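Secondary and tertiary structure notes
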Amino acid sequence: MKVYEILEATKGILVSGNKEDEICFFSQDSRQMKNGGMYIPLKGERFDGHDFIESAFQTGATAIITAKDVSYPDKIVIKVEDTYQALKDMAIYLRSHRPVKVVGVTGSVGKTSTRDMVYSVVKQKYKTLKTEGNYNNEIGLPLTILRYQDEEVMVLEMGMNHLNEMSRLSMIAHPDVSCITNVGTAHIGELGSRENILKAKLEITDGMKDQSTLIINNDNDMLQTVDLPRLNVVRVGKNEGASIQASDIELFEDHSTFIVHYHDQSEKIWVPVQGEHNVFNALIAIAVGIELNISLEDIKKGIQEFKLTKNRMDILEKNHKTIIDGTYNASVDSMKSSIDVLTNYKKRKVAILADMLELGDYSQQLHEEVGNYVATKEIDVLICIGKEAKYMYQKAKEKMKNVYYFTFNQEVIEQLDQFLKNDDVVLVKGSHSMNLKEIVEKILPVVDNFERGLAMIPENEKENPVATGMTQIYKQLMTAFDEMGVKTIEAVGQEFNPDFHNAVMHIEDEEAGENVIVEEFQKGYMYKDSVIRHSMVKVAN
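Cut-offs applied
- Residues numbered from 1 in each chain as written.
- Predicted model: local features only at pLDDT ≥ 70, side-chain atom pairs only at ≥ 80, totals over all residues.
- Heavy atoms only, no water.
- Buried < 20%, exposed > 50% of the residue type's maximum accessible area, 1.4 Å probe, protein only.
- Helix = DSSP H or I, 4+ residues; strand = E, 2+ residues; numbered from the N terminus.
- Arc of directions from axis to C-beta.
- Contact = heavy atoms within 4.5 Å.
- Expected span 1.5 Å × (residues − 1).
- Pairing = 2+ DSSP bridges.
- Axes fitted to C-alpha atoms, helices over the stretch in contact; angles between N-to-C directions.
- Core = buried A, V, L, I, M, F, W, Y, C linked by side-chain atoms within 4.5 Å.
- Parallel < 35°, antiparallel > 145°, perpendicular 65-115°, else oblique.
- Left-handed = near helix turned anticlockwise from the far one by under 90°.
- Nonpolar A, V, L, I, M, F, W, Y, C, P; charged D, E, K, R; others polar.
- Phe/Tyr/Trp six-rings, centres within 6.5 Å; stacked < 30°, edge-to-face > 60°.

Here's the deal with helix H14 (residues 409-419)
Turning to H14, its buried residues are Asn 409, Val 412, Ile 413, Leu 416 and Phe 419. Taken around the axis of H14, the buried residues stretch over an arc of 115 degrees, which confines them to a single face. Facing away from the buried side of H14, by more than 90 degrees, are the exposed residues Glu 414, Asp 417 and Gln 418. Tucked inside the fold, the buried residues of H14 contact strand E17 (349-354), strand E18 (381-385), strand E19 (403-406) and helix H15 (437-443).

Quick notes on helix H12 (residues 363-375)
Taking 1.5 Å of rise per residue, 13 residues should cover 18 Å, and H12 covers 18 Å from first to last C-alpha, within 8% of that figure. Along H12, the positions that sit buried rather than exposed are Ser 363, Leu 366, His 367, Val 370, Gly 371, Val 374 and Ala 375. Of the surrounding secondary structure, the elements contacted by the buried residues of H12 are helix H7 (188-191), helix H11 (332-343), E17, E18 and helix H13 (389-397).

Points about the sheet that holds strand E12 (residues 244-251)
With mixed pairing, the nine strands of this open sheet are ordered in space as E7-E8-E6-E9-E10-E11-E12-E13-E14. Across the chains shown, the open sheet's two edge strands, defined by having one partner strand only, are strand E7 (128-130) and strand E14 (265-271). On average, adjacent strands in this sheet sit at an angle of 20 degrees to one another, irrespective of strand direction. In the sheet, strand E6 (residues 101-106) pairs with strand E8 (residues 153-157) via five bridges, with the strands oriented parallel. Each bridged residue has a counterpart across the sheet, and for Val 105 the counterpart in E8 is Glu 157. The strands that helix H4 (residues 111-122) touches are E6, E7, E8 and E14; relative to E8, the one it contacts most, it runs at about 170 degrees.

Let's talk about the side chain of Thr 185
Inspection of the secondary structure assignment puts Thr 185 in the loop between strand E9 (177-180) and H7. Excluding anything up to four places from it in sequence, Thr 185 contacts Ser 108, Arg 194, Ile 197, Val 332, Asp 333, Leu 359 and Leu 366.

Description of the pairing of E9
Neither face of E9 is left uncovered, since the one carrying Val 177 and Cys 179 and the one carrying Ser 178 and Ile 180 both have all their residues buried. Examined bridge by bridge, E6 and E9 share four bridges and lie parallel to one another. Each bridged residue has a counterpart across the sheet, and for Val 105 the counterpart in E9 is Cys 179. Across four bridges, the pairing between E9 and strand E10 (residues 213-217) is parallel. Its bridge partner lying in E10, Cys 179 is registered against Ile 215.

Focus on the nonpolar core
In terms of nonpolar packing, the biggest core is built from 81 residues, with Met 38 and Ile 40 touching the most fellow members. Sorting elements by how many residues they give to this core places helix H3 (residues 83-96) first, with six residues. What Ile 40 contacts, discounting residues up to four positions off in sequence, is Phe 26, Ser 27, Gln 28, Ile 65, Thr 83, Leu 87, Met 90, Leu 143 and Leu 146. Counting residues in each nonpolar core, the second largest holds 36 residues, with Val 155, Ile 244, Val 273 and Ala 282 among its members.

Things to note about unusual backbone geometry
Residues other than glycine seldom take positive phi values, yet His 187 does so here, at roughly 70 degrees. Position of His 187 among the secondary structure elements: in the loop between E9 and H7. Non-glycine residue Asn 435 carries a positive phi angle of around 55 degrees. With respect to the element layout, Asn 435 can be found in the loop between strand E20 (425-429) and H15.

Thoughts on the sheet that holds E19
Here six strands make up an open sheet; going across it, the order is E15-E16-E20-E17-E18-E19 and the pairing mixed. Here the strands that pair on one side only, and so sit at the sheet edges, are strand E15 (314-318) and E19. Here the strands of the sheet are splayed against their neighbours by 15 degrees on average, with no regard to which way each runs. Strand direction decides the pairing type here: E15 and strand E16 (residues 321-326), joined by five bridges, are antiparallel. Directly across from Glu 317, in E16, lies its bridge partner Thr 322.

Re the packing of H4 against helix H9 (residues 276-291)
At their nearest, the axes of H4 and H9 sit 9 Å apart, and the two run at 40 degrees to each other. With respect to H9, the axis of H4 lies oblique. Between H4 and H9 lies a crossing whose hand is right-handed. Along the contact surface, H4 presents Ser 113, Thr 114, Met 117, Val 118, Val 121 and Val 122, while H9 presents Asn 278, Asn 281, Ala 282, Ile 284, Ala 285, Val 288 and Gly 289. Grouping the constituent residues of the contact of H4 with H9 by class yields eight nonpolar, five polar and no charged.

Here we look at the packing of aromatic side chains
For the coordinates displayed, the defined rule picks out five aromatic pairs. Their ring planes at 35 degrees and their centres at 5.6 Å tell us that Tyr 393 and Tyr 405 sit as a pair that is tilted. With Tyr 393 in helix H13 and Tyr 405 in strand E19, this residue pair connects regions lying twelve residues apart in the sequence. When its relative accessible area of 27% is taken as the criterion, Tyr 405 is described as partly exposed. An aromatic cluster of three or more residues is present, and its members are Tyr 404, Phe 406 and Phe 419.

And the structure:
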């Protein structure tokens, strides 16, 4: 993006620098700068990014936008009224001045996996950019658009918690094609009803031109009601009324298959992940591929090559156990989908389920709904954790025998050996702040988690100095732990996040020589007005 384009987009003033220079990298984190990049200082409740302008220049930035008066005569400095608004204005300008198609993806659950599947299909024919990590809000989405180089299609994940948020995102991205995976109960505590959730999700159409394409899951009861004559509404699903329809669905432990019917064509589709919910995600990806004139063969290939973003329903196998890690987040719909995946295994099945948060006045009702649902499945042991999960426990206990309730994770950790057996399949799921990672960490060796952390570094960050340094530290730690013969792990606040901006690790031997403390992912990156906390892992020989 040329400096003069940034000036035009932001209505800013060029304080110093050449307006013909090109900026190819944008970041709001002074520690992630690259040579030739522009630093965008954002102000939050705790930090003001303007305090780190000098640091940004030291790490490679050659340009800044600023709402404060600063003097760097040898740098590109653009003065604007509001850097947060300028970030959005630059993204809007770039989107409208480049020959690129935009596919927007939203939904109560399944946004990320659908985004990844759509991306895998679209890249078979087009050079494609996609949202990385959780960059799906009013900071992340503009930054994703500003990563544009010469791609032909952008696949953008779009999230919201309140009414009007999605509308603002849509007016930035102006999708040519939008996809709504479902309308469930996520954020119902904030929005008040599923009708309001539907209204909020449909705001994705606010920035779309007439006759653009909206793809919806027609099997969802709320989305069935959608009637938008100004758009080309494509309905996918199993049931009647879907123009792209699935039949003969077969669910296996590590994949799924189905027959897709479109016009006069029928093709068998192989999906490399389990769960019927991923069949619906695949139908949406197929619909996007058809809309973008991608051949059915390439669509099939894209779905077969699809790789799920790490930390979203990871399937982990170690110590004679299979862990379904659903600790990233939870809603009624994602709980049910995860329980369905667990049910599909033929081994002994254990579900460790914790509170679903942000449900407001609906909390008791929805936890009871999950409790009733899990009781209808062939689950051998159910463990419920948390204040709200007691409603899940009470309802499930009416029909199940092996049901247990605990207030805190530590109580479960202390008794895991009593509940788990070799060859068990264990689902661990709850809202992110329930910190169920510490239960997963208790079951799995920490070395595995270092490997998982490495795998979560986005492709576009592989060359980042921090990521490169992390790779070397991981390798050293894995070797050290192997030599130490690590046997047990306790974890507190463990969090793997692809958006880390700084990582500090050290090993500190205690006087007794029996424990090793690893401070991992000590993070302090600004995300609107919050700071991600650091985490600590305790390893005992």
